[in-house]
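Below, each chain spelled out in residue letters.
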Amino acid sequence: MVTLTRIYTRGGDTGKTSLSDGSRVAKHSPRPEAFGTVDEANAVIGLVRLHLEPDSEIDRLLSRVQNDLFDLGADLATPEKEAPKYPPLRIVASQVEALEAAIDAHNADLQPLKSFILPGGSAAAAHLHLGRTVVRRAERLITQLAEDEPINPEALKYCNRLSDLLFVLARWLNDKGAGDVLWVPGANR
């Protein structure tokens, strides 16, 4: 476990940050951009949970996702190395499969889409849509990182599935209440 007794270190005052292997990189380089955006997505999911019944099925699912997002951040903060001294924390296939199972379970009750969905409906659904867009940005940043450095392929898969899960959960919550907000092409011409 991590023990933090001091919050500021002054180590980042020159625009550099430490990766989990101790190497230092610019704060705006692809790896910190990717794991920073994953952190942002986690914060949005925290906002979603404020609008859910505590300990409800969706709240428990999103609690698990938040923990996985810390795993994902740790994965992205650790460059791939041959035969590391200590095995790094990496996203694994079972975490991706758990997202797929949740997507399938919650999508099964929904009517097929006949239009694109606009972010909205309930407060929780609107925040889920925001989270979905932040996860998509993280996914783009991870693919950019992967062009220059090897990454764990499960990390990218996790992001891809997570954005789908957040979309399905927004629809699922709206189906139980406010209803989806549908795009009407050219409605304001």
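Up top is the structure these notes are about.
Parameters and conventions
Residues numbered from 1 in each chain as written. Predicted model: local features only at pLDDT ≥ 70, side-chain atom pairs only at ≥ 80, totals over all residues. Heavy atoms only, no water. Salt bridge = Lys/Arg side-chain N within 4 Å of Asp/Glu carboxyl O. Helix = DSSP H or I, 4+ residues; strand = E, 2+ residues; numbered from the N terminus. Buried < 20%, exposed > 50% of the residue type's maximum accessible area, 1.4 Å probe, protein only. Axes fitted to C-alpha atoms, helices over the stretch in contact; angles between N-to-C directions. Parallel < 35°, antiparallel > 145°, perpendicular 65-115°, else oblique. Left-handed = near helix turned anticlockwise from the far one by under 90°. Contact = heavy atoms within 4.5 Å. Nonpolar A, V, L, I, M, F, W, Y, C, P; charged D, E, K, R; others polar. Core = buried A, V, L, I, M, F, W, Y, C linked by side-chain atoms within 4.5 Å.

(A) The arrangement of the pattern of salt bridges in detail. All told, the structure shown has 13 salt bridges when counted by the stated rule. Between R136 and D164 there is a salt bridge whose closest N-O contact spans 3.2 Å. One end of the pair, R136, is in helix α4 (residues 123-148); the other, D164, is in helix α5 (residues 153-175), and 28 residues separate them in sequence. Judged by its relative accessible area of 28%, D164 is partly exposed. The network of salt bridges with common partners includes D75, E80 and R90.

(B) Broad picture of the packing of helix α2 (residues 57-76) against helix α3 (residues 93-107). Where α2 contacts α3, the axes come no closer than 12 Å and their chain directions differ by 155°. The angle between the axes of α2 and α3 places the two elements in the roughly antiparallel class. At the point where α2 passes α3, the crossing takes the left-handed sense. Contact residues: E57, I58, L61, R64, V65, D68 and D71 in α2; Q95, A98, L99, A102 and H106 in α3. Among the residues forming the contact of α2 with α3, the class breakdown is six nonpolar, two polar and four charged.

(C) Quick look at the environment of A26. With respect to the secondary-structure elements, A26 resides in strand β2 (residues 24-26). According to the relative accessible area criterion, A26 is buried, its value standing at 19%.

(D) How the structure looks around unusual backbone geometry. A positive phi angle, close to 70°, is found at R10, a residue other than glycine. You can see R10 is positioned in the segment before β1 (16-18). On the basis of relative accessibility, which here comes to 55%, the residue R10 falls in the exposed class. One non-glycine residue, A83, lies in positive phi territory at about 45°. Topologically, A83 is positioned in the loop between α2 and α3. Judged by its relative accessible area of 74%, A83 is exposed.

(E) Inspection of the nonpolar core at higher detail. Ranked by internal contacts, the top residues of the largest apolar core, which has 41 residues, are L62, L72, Y158, L162 and L165. Mapped onto this core, the elements with two or more residues apiece are α1 (30-50), α2, α3, α4 and α5. If one sorts the elements of this core by residue count, α5 sits on top with 11 residues. Each residue touching L62, except ones within four places of it in the same chain, is listed here: I45, V48, R49, L52, L128, L166 and L169.

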